[in-house]
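Okay, here's what each chain looks like letter by letter:
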Amino acid sequence: MSTLLLKRPVLDARISTGAVPEFIDAILRLGAARASAYVCCANAHMLVEAHQDPQFRRVLDQASVVTPDGSPVAAALGWLHGRPQPRVAGMDLLPALLAEAAARGQSVYFYGTTEAVLTAMVARARRELPALRVAGWQAPPFRPLTPEEDAAAVAAINAADPDLVFVALGCPRQERWMAEHRGRVRACMLGVGQAFMVYAGLERRLPEWARGLWLEWAYRLWLEPRRLARRYLVTNTWFVWLLVRQLLARGQQQTPRAQPGRRRGLRMHPSVLTSWRAGALTTVHS
């Protein structure tokens with residue numbers, strides 16, 4: 001299937017652009033087509049990973065849709081390309097896609113986290129969206145699967161025949177998993193990570209006004225300091241530096257070069273002639 005949403009570069013990755021409803025429609029169309037495709041929700045950490053790891057960069061490049069999950073990524077799109085881009089976060093996409101899938105009669109599957117989280121998610125979905133078709137769910141072990149286990153997991157997903165498969169294995173593991181299973185899982189896969197915990201009601205999210213101030217990273221750091229300290233305090237700083245460098249390079253490329261013998265913005269009186277003679281400027285008044 002051809003690219004559904006225009007992608008624009010931020011650092012070394014190409015991020016999809018558009019309004020939130022366009023993202024929802026594009027993803028559900030991929031699901032309805034049973035395209036073996038995947039969607040990545042890109043934050044600053046993911047873009048730094050792509051900058052440092054060419055293999056992971058290819059994972060992002062091969063995604064059908066790459067949403068601007070983090071506020072800095074959405075803002076960077078606007079700064080670099082001159083058009084405001086709303087944030088399209090996985091935590092917002094998950095409930096929105098479930099609601100629209102219910103309205104369109106499409107089915108969903110959940111893969112990742114634990115049985116307790118999945119049970120809570122399914123209970124909420126069935127309570128709030130009785131028309132939603134939940135095709136199934138799996139909580140794989142927290143270790144690499146054997147080839148036999150992986151084949152059985154794929155067979156279970158395909159037997160359930162969902163339109164969308166939501167994946168929560170953590171970044172970058174879930175993105176690599178989706179890329180490895182493109183062509184094997186007959187559905188559109190979406191890596192949404194921590195959105196499972198929030199939708200299940202097992203983790204609170206900051207209010208919208210605080211998210212608008214880009215404080216969500218600080219809240220999550222407070223919740224999980226050991227796991228996220230390096231990501232937010234080191235990786236995000238690296239993202240800012242790389243973005244500033246890209247913005248400066250872009251500004252230099254767009255600055256027009258002044259023509260020899262002419263100062264930009266300087267208008268000369270008609271009575272003044274200028275000419276170059278022996279490398280020196282001679283001024284002759286008429």
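These numbers come from a predicted model, not from an experiment.

Cut-offs and rules
- Residues numbered from 1 in each chain as written.
- Predicted model: local features only at pLDDT ≥ 70, side-chain atom pairs only at ≥ 80, totals over all residues.
- Heavy atoms only, no water.
- Pairing = 2+ DSSP bridges.
- Helix = DSSP H or I, 4+ residues; strand = E, 2+ residues; numbered from the N terminus.
- Axes fitted to C-alpha atoms, helices over the stretch in contact; angles between N-to-C directions.
- Parallel < 35°, antiparallel > 145°, perpendicular 65-115°, else oblique.
- Left-handed = near helix turned anticlockwise from the far one by under 90°.
- Contact = heavy atoms within 4.5 Å.
- Nonpolar A, V, L, I, M, F, W, Y, C, P; charged D, E, K, R; others polar.
- Phe/Tyr/Trp six-rings, centres within 6.5 Å; stacked < 30°, edge-to-face > 60°.
- Buried < 20%, exposed > 50% of the residue type's maximum accessible area, 1.4 Å probe, protein only.
- Lys NZ or Arg CZ within 6 Å of the ring centre and 35° of its normal.
- Arc of directions from axis to C-beta.
- Polar contact = N/O pair within 3.5 Å; in protein donor to acceptor, adjacent residues only side chain to side chain.

Ordered in space as β4-β3-β8-β7-β5-β6, the 6 strands form an open sheet in which the pairing is parallel. In this open sheet, the two edge strands, each paired with only one partner strand, are β4 (65-68) and β6 (133-138). Adjacent strand axes in the sheet meet at a mean angle of 20° when their direction is disregarded. Relative to strand β7 (residues 164-168), strand β5 (residues 107-112) is paired through 5 bridges, and the arrangement is parallel. Within the sheet, the bridge partner assigned to Gly112 lies in β7 and is Ala168.

Across the interface, helix α1 (residues 20-32) lies against helix α5 (residues 90-104) with an axial gap of 10 Å and an inter-helix angle of 60°. Our classification of the angle between α1 and α5 gives oblique. The element α1 and its partner α5 pack so that their crossing is right-handed. Within the contact between the two elements, α1 uses Ile24, Asp25, Ile27 and Leu28 and α5 uses Leu93, Ala96, Leu97, Glu100, Ala101 and Arg104. A class-by-class count of the residues in the contact of α1 with α5 yields 7 nonpolar, no polar and 3 charged.

Our next topic: the packing of aromatic side chains. Applying the stated criterion across every chain, the model contains 3 aromatic pairs. Between Phe110 and Phe196, the ring centres sit 5.9 Å apart and the planes meet at 90°, which makes this aromatic pair edge-to-face. With a gap of 86 residues between them, Phe110 in strand β5 and Phe196 in helix α9 (residues 195-199) connect regions that are remote in the sequence. The class for Phe196 is buried, based on a relative accessible area of 0%. A cation over a ring is seen here: Arg124 above Tyr199, with NZ or CZ 4.0 Å from the ring centre.

Our focus in this paragraph is helix α3 (residues 54-61). Those residues of α3 that sit buried are Phe56, Val59 and Leu60. Each buried residue of α3 sits inside an arc of 95° when the element is viewed along its axis, so together they form one side. Those residues of α3 that are buried lie in contact with β1 (7-10), β2 (13-16), β3 (37-42), α2 (44-52), β4 and α8 (173-181). Near the N-terminus of α3, the side chain that reaches the backbone nitrogen of Gln55, with its oxygen 3.0 Å away, is that of Asp53.

To continue, consider the side chain of Gln174. Structurally, Gln174 can be placed in helix α8. Note on Gln174: relative accessible area 4%, which makes it buried. When near neighbours in sequence (up to four residues on either side) are disregarded, Gln174 contacts Val167, Ala168, Leu169, Gly191, Val192 and Gly193.

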